[in-house]
Structure formats: structure tokens, C-alpha cells
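Chain by chain, the residues run as shown.
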Amino acid sequence: LDISVKQFDDDFYGFRVTIKELEERLGGVLNQGFDTAVTISNSFKLLDSFADLLERDWIQSSVERKHIDLISAFGGELRRVEDIFQQNRNASLLGKFYERDGPPLYANMPPVSGALYWVRGLIERVQAPMTHLQPVMKALGEADETRDVLRMFDSIASALHSFEADMYGNWCSVIDQISLDKLTQNLLVRGGAHGDVSVNFDPALTCLLREVRYFKFFSKEIPESADQLYTNDRMFRQWCEMLEVIAFKYNHMLHTMLDVEKPLLKAQMK
């Protein structure tokens, strides 16, 4: 072994130069990615893509220069979420959602669970970036931008969680009365000039059962009375479907009977 041979040193030096060039290129790619990222989420996805390489000194120094920019961008995202929440908590947007008094509601969702789904989307929109930014904010805790964003996040997150709790609490406070009032009504009622029969399963009960179904998807704690009522959901639907068929056939006979047939079927058609 000849220690005077410099071939290894030369090769190792060339290797380090190549690695440094690669790190500089990756740093440039990251910087360009940050500049072209449309949303804060895209920026964090970019960081996740390079997660195993971010510990490299050159790449880390490139990313650190973007930390304040990320915090400022997150502050802008918080302001947008706050505007959406304040504008739409009591009146839904036109077009994409059903128009109603309350938060935006997707077409297939009942009012309360739909409102909770909407506000949970806003919570996720601010919580996910905050989880990524926590190490950065801890390192830059003395910066004015960091303190402002933390105060804004705490305020918005508190308002969103309070809205969710209030909506669910108000729903829980009225379901017992709905159950007591609506379950005592007749399932078949007669009305109209011809005495047509119609199914009288109250829409409020239908809405309550749909709410419970979605709350179970959300893993919410369901009040005992509503949960017990929901155990009969399938039976209620089957009954309503059968009664709809019966009412249709009865009304069809009522409207198509001849005058000479009415006295013969009078007892059966009461």
C-alpha cells in the first residue's frame, strides 16, 4: 500500500464536487418550485417530496431562506379562511351549493352535518399547514411574522371549533322534542277535495335520521334517543315505501271508480 499515491484523494475530491453541484441544482429546483407553488399546500408537498434530502447542508440553507416566505404565505391563507368563514357561516354561496340560511351545503347532505362537514374542511385547511410549520415556527419564534401568524391561527381555530360545537349542541337540544312530536302523528292522512290518502312521515324525522347517519360517519357521539331511533331507520323506510304503494293504489281506485261502483265499495274505501 503506497500512501504517497494521490489517486484516491483526487477521486474523492471529484466526488464531493459532483455532490455539491447536485445539491446546488436541487436547491435551484426547490427555489423554483416555491416560486411557482399556487397554494401553501403545494409548497409542503414539495418539501415532502425532498424529505430525505433536506438534511443536506446546501439544500437546507436554500430551504431556510424560504421559511419566512412560508410563514407569510400561511398568514395569507389564514386570512382567506377567515373571510370564507365570516362570509358564509350564515348565508351560502350561489351556484355550487344549495342556497339557504346557513353555511354552504352540498346537495346530498342534511343541514347540520353538512355545516359540520364544511367547517371541518376549513379546520383541516388551516391545521395541516400548521402541523408542517410547527418546527419552523419554533426555530423562528422571535420573529414578528411568527407571532402574528400564531395569534391569527389560535383565533381562527377557536372560532371554527366553537362554531362546530354550537351547531352540534343546538341540534342535540331539539332532537328529543322532534322525536316525541313527530312519532305520534298518523302515518296515513286524508286530504284534498276527493279525499286522497298520503303518507305522513314527517320530513323533520327523515332529516333527523339522515343527520344521524352522517354523524356516525364523522364518529360523533350520538344522543341516546337519536341513536335508538336510528336503529329503526331501515324499518321506517320500508314502511314508508309500502305505504306509498298502498296510497297510490287507493288514490288510483278513488279516481277511476265508476259512479255505479262507488256504493258497492263504499265500506272498503272509508
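This text follows the structure it describes.
Here goes a summary of the coordinates provided. (Residues numbered from 1 in each chain as written. Predicted model: local features only at pLDDT ≥ 70, side-chain atom pairs only at ≥ 80, totals over all residues. Heavy atoms only, no water.)

## So, the pairing of strand β1 (residues 188-191)
Here's step 1: The pairing of β1 with strand β2 (residues 196-199) spans four bridges and is classified as antiparallel. Opposite arginine 190, over in β2, you have valine 197 as the bridge partner.
Here's step 2: In textbook terms, the turn of a hairpin is the stretch between consecutive antiparallel strands, and for β1 and β2 this stretch comprises four residues, one of which, glycine 192, has a positive phi near 85°. (Pairing = 2+ DSSP bridges. Helix = DSSP H or I, 4+ residues; strand = E, 2+ residues; numbered from the N terminus.)

## Some words on the nonpolar core
Here's step 1: Counting 27 residues, the largest nonpolar core has Phe74, Leu78, Phe85, Leu133, Met137, Phe153 and Leu160 as the members making the most contacts within it.
Here's step 2: When residues of this core are traced back to their parent elements, those giving at least two are α1 (7-36), α2 (40-49), α4 (67-88), α5 (111-139) and α6 (144-182).
Here's step 3: Counting residues per element, this core draws most heavily on α5, which supplies nine residues. (Core = buried A, V, L, I, M, F, W, Y, C linked by side-chain atoms within 4.5 Å. Buried < 20%, exposed > 50% of the residue type's maximum accessible area, 1.4 Å probe, protein only.)

## Side note on the packing of α4 against α6
Here's step 1: With their axes 10 Å apart at the nearest point, α4 and α6 run at an angle of 30° to one another. With respect to α6, the axis of α4 lies roughly parallel. In the packing of α4 onto α6, the handedness of the crossing is left-handed. For the pair formed by α4 and α6, the contact residues are Ile68, Ile71, Ser72, Phe74, Gly75, Leu78, Arg79, Val81, Glu82 and Phe85 on the first element and Glu145, Thr146, Val149, Met152, Phe153, Ile156, Ala159, Leu160 and Phe163 on the second.
Here's step 2: For the contact of α4 with α6, the per-class residue count stands at 13 nonpolar, three polar and three charged. (Axes fitted to C-alpha atoms, helices over the stretch in contact; angles between N-to-C directions. Parallel < 35°, antiparallel > 145°, perpendicular 65-115°, else oblique. Left-handed = near helix turned anticlockwise from the far one by under 90°. Contact = heavy atoms within 4.5 Å. Nonpolar A, V, L, I, M, F, W, Y, C, P; charged D, E, K, R; others polar.)

## Topic: the pattern of salt bridges
Here's step 1: Throughout the structure, instances matching the rule amount to eight salt bridges.
Here's step 2: Aspartate 233 serves as the salt-bridge partner of arginine 213, at 3.1 Å between the closest nitrogen and oxygen. One end of the pair, arginine 213, is in helix α7 (residues 203-217); the other, aspartate 233, is in helix α9 (residues 233-256), with 20 residues separating them in the sequence.
Here's step 3: Judged by its relative accessible area of 22%, arginine 213 is partly exposed.
Here's step 4: Since its relative accessible area comes to 6%, aspartate 233 is described here as buried. (Salt bridge = Lys/Arg side-chain N within 4 Å of Asp/Glu carboxyl O.)

## Points about a nonpolar patch on the surface
Here's step 1: Taken together, the side chains of Phe8, Phe12 and Phe15 define a hydrophobic patch exposed on the protein surface, amounting to about 360 Å² of accessible area.
Here's step 2: Along the polypeptide, phenylalanine 15 turns up in helix α1.
Here's step 3: A relative accessible area of 49% places phenylalanine 15 in the partly exposed class. (Patch = residues over 30% accessible without salt bridge, like charges linked within 9 Å, V, L, I, M, F, W, Y side chains within 5 Å. Areas by Shrake-Rupley, 256 points an atom, 1.4 Å probe, with all protein chains shown as cover.)

## Observations concerning unusual backbone geometry
Here's step 1: Of note in this structure, serine 219 is not a glycine but carries a positive phi near 60°.
Here's step 2: When you line up the elements, serine 219 lands in the loop between α7 and α8 (224-230).

## A few points about the packing of α6 against α7
The angle between the axes and the distance between the axes are what describe a pair of packed helices.
Here's step 1: One can describe the packing of α6 onto α7 by two numbers: an axis separation of 10 Å at closest approach and a directional angle of 135°. In terms of orientation, α6 lies oblique with respect to α7. Crossing of α6 against α7: the hand is left-handed. Residues Tyr168, Trp171, Ile175, Ile178, Ser179 and Lys182 of α6 touch α7, and the partners they reach there are Ala204, Leu205, Leu208, Glu211, Val212 and Phe215.
Here's step 2: Of the residues belonging to the contact of α6 with α7, the class tally is nine nonpolar, one polar and two charged.

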